[in-house]
Amino acid sequence: MNGKQLLRRYAAGERDFSGVDLKGANLSGVHRRFDVDAYAEPYRQGITSDLSGINLSGADLTQADLRGVNLEGANLSNANLTRADLSKSNLTNTDLSGANLTEALLEWAELDGTNMRGANLFDAVIRVGDAFSPDLTGAKNVDTVDFTGMAIELTLEDGTVIDTTDYDW
């Protein structure tokens, strides 16, 4: 299945795409009608596609272009998002548990309430403007994440502290 086919089926009301192969798919840039006021916050100004509530659990989204996609409440558990671009995406209350986010790009993504339990975050880039509040319980390779420009303090299950708040001004 390619990105256009998925978007067409989603528009027709289908929501369960678990296990689908979308390697390299471009799911950004599909303009749909939005309530402009609902997307007035800075991180939402780049929202271009609405796939809220979609089930992509176990899907292969390697190198997928998901920039600006609204994935609020989506199920991406155990999905392969290696080198996927999720910049400016809305991942509020999205299930990314067990997902492979190796080298994924999450710049200015909304991560409020995101479930990242057990996700592999090896060399991922996570730079957000607001509070960083995903559930990282059991997440792997958090110490390799590029949090450049963020003021965060995380204590991992093993006691490791990741603190980017100590600036030398």
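On a predicted model such as this, the values are computed, not experimentally measured, just so you know.

Q: Just to check I follow, could you spell out the overall build of the protein for this structure?
A: Scanning the protein from N- to C-terminus turns up one helix and six strands. Along the chain direction, N to C, the helices and strands of the protein fall in the order α-β-β-β-β-β-β. When burial is assessed residue by residue, the protein has 47% of its 169 residues classed as buried. Pairs at least 24 apart in sequence give 18% of the contacts found in the protein among residues at least 6 apart.

Q: Just to check I follow, could you spell out the pattern of salt bridges for this structure?
A: Should their charged atoms come close, side chains of opposite charge can pair. Per the counting criterion, the structure on display carries seven salt bridges. Across the pair Arg67 and Asp65 runs a salt bridge whose closest N-O atoms are separated by 2.6 Å. Under the relative-accessibility criterion, Arg67 is labelled partly exposed at 41%. We note a salt bridge from Asp85 to Arg67, for which the minimum N-O separation is 3.8 Å. Residue Asp85 is found in the loop between strand E2 (69-70) and strand E3 (105-107), and its partner Arg67 is found in the loop between strand E1 (49-50) and E2; the two are separated by 18 residues along the sequence. Several salt bridges share partner residues, and in doing so they unite Asp65, Arg67 and Asp85 into one network.

Q: How should I be thinking about the environment of Leu106 in this particular structure?
A: Inspection of the secondary structure puts Leu106 in strand E3. Through-space distance from the C-alpha of Leu106 to that of Ala124 is 7.6 Å; in sequence the pair is 18 residues apart. If we skip the residues at most four places from it in the chain, Leu106 touches Leu86, Leu91, Leu111, Val125, Ile126, Arg127 and Val128.

Q: In this structure, what is going on with the environment of Ser77? I would like to understand it.
A: Structurally, the position occupied by Ser77 is in the loop between E2 and E3. Separated by 39 residues in sequence, Ser77 and Met116 place their C-alpha atoms 8.6 Å apart.

Q: For this particular structure, what's the right way to read the nonpolar core?
A: Across soluble globular proteins, nonpolar side chains have a tendency to be buried as a group. Formed by 42 residues in total, the largest nonpolar core has its most connected members in Leu56, Leu101 and Leu121. Element by element, the count of residues in this core is highest for helix H1 (residues 3-11), at three residues. Sequence-distant contacts of Leu121, that is, excluding residues within four places in its chain, are made with Leu101, Met116, Leu136, Ala139, Lys140, Asn141, Val142, Thr144 and Val145.

Q: I'm lost on the confidence of the model for the protein in this one. Help?
A: In regions of low pLDDT, the predicted coordinates are not meant to be interpreted in detail. For the protein, per-residue confidence averages 80 on the pLDDT scale, and residues scoring 70 or more make up 75% of the total. Taken element by element, the protein is modelled with least confidence in strand E5 (residues 153-155), mean pLDDT 65, and with most confidence in E3, mean pLDDT 93. Of the regions scoring below 50 in pLDDT, residues 30-45 engages in 25 contacts with residues more than four places distant in sequence or in other chains.

Q: I keep staring at the packing of aromatic side chains and nothing clicks. Help me out?
A: Given two aromatic rings, one states the distance between the centres and the angle between the planes to describe the pair. One pass over the structure, following the stated rule, counts zero aromatic pairs. Positioned over the ring face of Tyr10 is Arg15, at 3.6 Å from the centre of the ring.

Q: Would you mind going over H1 with me for this structure?
A: Since there are 3.6 residues in each turn of an α-helix, residues three or four apart along the chain are aligned in direction. Gly3, Leu6, Leu7 and Tyr10 are the residues of H1 that are buried. With its buried residues spanning 95° around the axis, H1 presents them on a single face. Counted as exposed and oriented over 90 degrees from the buried face of H1: Lys4 and Arg8. Buried residues in H1 make contact with E1. Near the N-terminus of H1, the side chain that reaches the backbone nitrogen of Lys4, with its oxygen 3.1 Å away, is that of Asn2. Downstream of H1 by a residue or two, Gly13 has a phi angle that is positive, lying close to 110°.

Thresholds applied
Residues numbered from 1 in each chain as written. Predicted model: local features only at pLDDT ≥ 70, side-chain atom pairs only at ≥ 80, totals over all residues. Heavy atoms only, no water. Helix = DSSP H or I, 4+ residues; strand = E, 2+ residues; numbered from the N terminus. Buried < 20%, exposed > 50% of the residue type's maximum accessible area, 1.4 Å probe, protein only. Contact = heavy atoms within 4.5 Å. Salt bridge = Lys/Arg side-chain N within 4 Å of Asp/Glu carboxyl O. Core = buried A, V, L, I, M, F, W, Y, C linked by side-chain atoms within 4.5 Å. pLDDT = per-residue confidence, 0-100. Phe/Tyr/Trp six-rings, centres within 6.5 Å; stacked < 30°, edge-to-face > 60°. Lys NZ or Arg CZ within 6 Å of the ring centre and 35° of its normal. Arc of directions from axis to C-beta. Polar contact = N/O pair within 3.5 Å; in protein donor to acceptor, adjacent residues only side chain to side chain.

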